[in-house]
Amino acid sequence: MKKYFSLVLFTHSVFALPFAMIGFFLGVATTIQPFKWLLLVLVLFCMVFARNSAMAFNRYLDRKIDAKNPRTQMRDIPAGIVSANSALVFVITNCVLFVITTFFINPLCFYLSPVALFIVLFYSYTKRFTALCHLVLGLGLALAPIGAYIAVTGSFNIVPILYSLAVLFWVSGFDIIYALQDEDFDKAEHLHSIPAALGRKNALNLSVVLHVGAAFSVILPILFTDFSFVYYIGVAFFCAMLIYQHLLVKPNDISKVNKAFATTNGYASVIFAVCYLVDAFLRTNSIL
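Here is what the cut-offs are and how they apply
- Residues numbered from 1 in each chain as written.
- Predicted model: local features only at pLDDT ≥ 70, side-chain atom pairs only at ≥ 80, totals over all residues.
- Heavy atoms only, no water.
- Axes fitted to C-alpha atoms, helices over the stretch in contact; angles between N-to-C directions.
- Helix = DSSP H or I, 4+ residues; strand = E, 2+ residues; numbered from the N terminus.
- Left-handed = near helix turned anticlockwise from the far one by under 90°.
- Contact = heavy atoms within 4.5 Å.
- Nonpolar A, V, L, I, M, F, W, Y, C, P; charged D, E, K, R; others polar.
- Parallel < 35°, antiparallel > 145°, perpendicular 65-115°, else oblique.
- Phe/Tyr/Trp six-rings, centres within 6.5 Å; stacked < 30°, edge-to-face > 60°.
- Buried < 20%, exposed > 50% of the residue type's maximum accessible area, 1.4 Å probe, protein only.
- Lys NZ or Arg CZ within 6 Å of the ring centre and 35° of its normal.
- Core = buried A, V, L, I, M, F, W, Y, C linked by side-chain atoms within 4.5 Å.
- Expected span 1.5 Å × (residues − 1).
- Disulfide = S-S within 2.5 Å.

> When you look at the packing of helix α2 (residues 17-30) against helix α7 (residues 133-153) in this model, what are you seeing that I'm missing?
Think of two packed helices as two axes; the pair is described by the angle between the axes and how far apart they sit. Their axes nearest at 7 Å, the elements α2 and α7 cross at an angle of 35 degrees. α7 is crossed by α2, and the crossing has right-handed handedness. Residue-level contacts link F19, A20, G23, F24, L26, G27, V28 and T30 of α2 to A144, P145, A148, Y149, V152 and T153 of α7. Looking at the contact of α2 with α7 residue by residue, the classes come out as 10 nonpolar, four polar and no charged.

Right, dumping it as structure tokens:
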């Protein structure tokens, strides 16, 4: 189990999972749908299965590339910790479990489950032919809030879509920052990324633009919901973390990329989600 947790970097669930909780409790707090513990558990299972599928497939597909890259040579498959065949079986198992779980949620989730799997798995191919791979990754994680909302309500709504846009812009932006580490390697191996295509300075500028879009996307729900002051605190913290990571990474100094990628963005998603949930409790007296 430890090997597979390492394979899928389970700790990185901190990026999308908090937004899934936002989508779930948004559905509970703003509609007539009641809170159900079983449904929450099913949504959490879907998050785990989808993320396991996506990450393990990425590791499986990139195993030869990872073996060449000094930064990734010690990942589980090239290091021989997990075999390629075992990783592929793990991917297939999680895909099947994801689809089965959506069947017990509602028909719309079940019908859309192959689409969701296609998006999160397709990302792993994109670096081979387009520098827009970062946006595809962002799209995959952006399914979390809208997917959780659909699980509760069986319908779409503008506010969860705004949170999905926030995730899309936010993840795409910080993935560009993370990809700065592999700029030279990507060029040498003819792989596609924004840093390889635009250079370090322009890549960081594009990341800033995307993060501005993320900031606007968490602000715009204010137009549709009567939030309390706690939500505004969450927005302020989220935006501050976006700014902070751009202060950490400069075109002439990318030594703090890992701090900007993992620590800063982890705090951003968790604190923002906590503020949203506290706000929902204050506004409705209870969301359970």
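> Looking at this structure, how should I read the packing of helix α6 (residues 107-126) against α7?
For the pair α6 and α7, the least separation of the axes is 8 Å and the interaxial angle reads 160 degrees. On the basis of the axis angle, α6 is roughly antiparallel to α7. Relative to α7, the crossing made by α6 is left-handed. Contacts between α6 and α7 involve L108, C109, L112, A116, I119, V120, F122, Y123 and T126 from the first element and C133, V136, L137, L139, G140, L143, G147, I150 and A151 from the second.

> Whenever I open this one, the packing of aromatic side chains confuses me. Can you help?
We describe a pair of aromatic rings using the distance from one ring centre to the other and the angle between the two ring planes. Applying the stated criterion across every chain, the model contains 30 aromatic pairs. Residues F118 and F122 carry aromatic rings whose centres are separated by 5.3 Å and whose planes lie at 10 degrees to one another, so their mutual orientation is stacked. Taken together, the positions of F118 and F122, both in helix α6 and four residues apart, correspond to about one turn of that helix. Ring geometry for F174 and F261: centres 5.4 Å apart, planes at 70 degrees, overall edge-to-face. With F174 in helix α8 (residues 158-179) and F261 in helix α13 (residues 257-284), the pair connects residues that are 87 residues apart, well separated along the chain. Each member of the pair, F174 as well as F261, carries the same accessibility label: buried. Above the plane of the ring of Y60 lies R63, whose end atom (NZ or CZ) is 4.3 Å from the centre.

> For this particular structure, what's the right way to read the environment of I119?
Mapping I119 onto the fold places it in helix α6. A relative accessible area of 16% places I119 in the buried class. With 21 residues separating them along the chain, I119 and G140 place their C-alpha atoms 5.8 Å apart.

> Where do I start with unusual backbone geometry in this structure?
Negative phi characterises most residues that are not glycine, and trans characterises most peptide bonds. With a phi close to 60 degrees, H190 is a non-glycine residue in the positive phi region. Relative to the assigned elements, H190 resides in the loop between α9 (183-188) and α10 (194-198).

> Is there a simple way to think about the nonpolar core in this case?
Within the largest apolar cluster, 47 residues are counted, with the highest numbers of intra-cluster contacts made by Y163, W170, Y231, F238, V249, F272 and Y276. When residues of this core are traced back to their parent elements, those giving at least two are α2, α7, α8, α11 (200-219), α12 (229-248) and α13. Residue contributions to this core peak at 11 residues, all from α8. Look past the residues within four positions of W170 in its chain and what remains in contact with it is F15, F19, H211, A214, F238, L242, N265 and S269. Core analysis: the second largest hydrophobic core is formed by 39 residues, F57, I105, A116 and A144 among them.

> Help me understand α11 in this model?
Helical geometry: 3.6 residues make up each α-helical turn, so side chains three or four residues apart lie on a common side. The end-to-end C-alpha separation of α11 is 29 Å, in line with the 28 Å expected for 20 residues at 1.5 Å each. Of the positions making up α11, those classed as buried are A203, L204, S207, L210, H211, G213, A214, A215, S217 and V218. Packing partners of the buried residues in α11 comprise α7, α8, α10, α12 and α13.

> Help me understand the state of the cysteines, please; the structure alone is not making it clear to me.
Cysteine pairs can be linked by a disulfide, which is a covalent bond between their two sulfur atoms. Counted according to the given criterion, the structure contains zero disulfides. In this structure C275 is not part of a disulfide, and its nearest cysteine sulfur, from C239, lies 12 Å away.

> Explain the side chain of S228 to me, please; I cannot follow it from the model alone.
Within the secondary structure, S228 is located in the loop between α11 and α12. Dropping the residues within four chain positions of it, S228 is found in contact with D279, L282 and R283.

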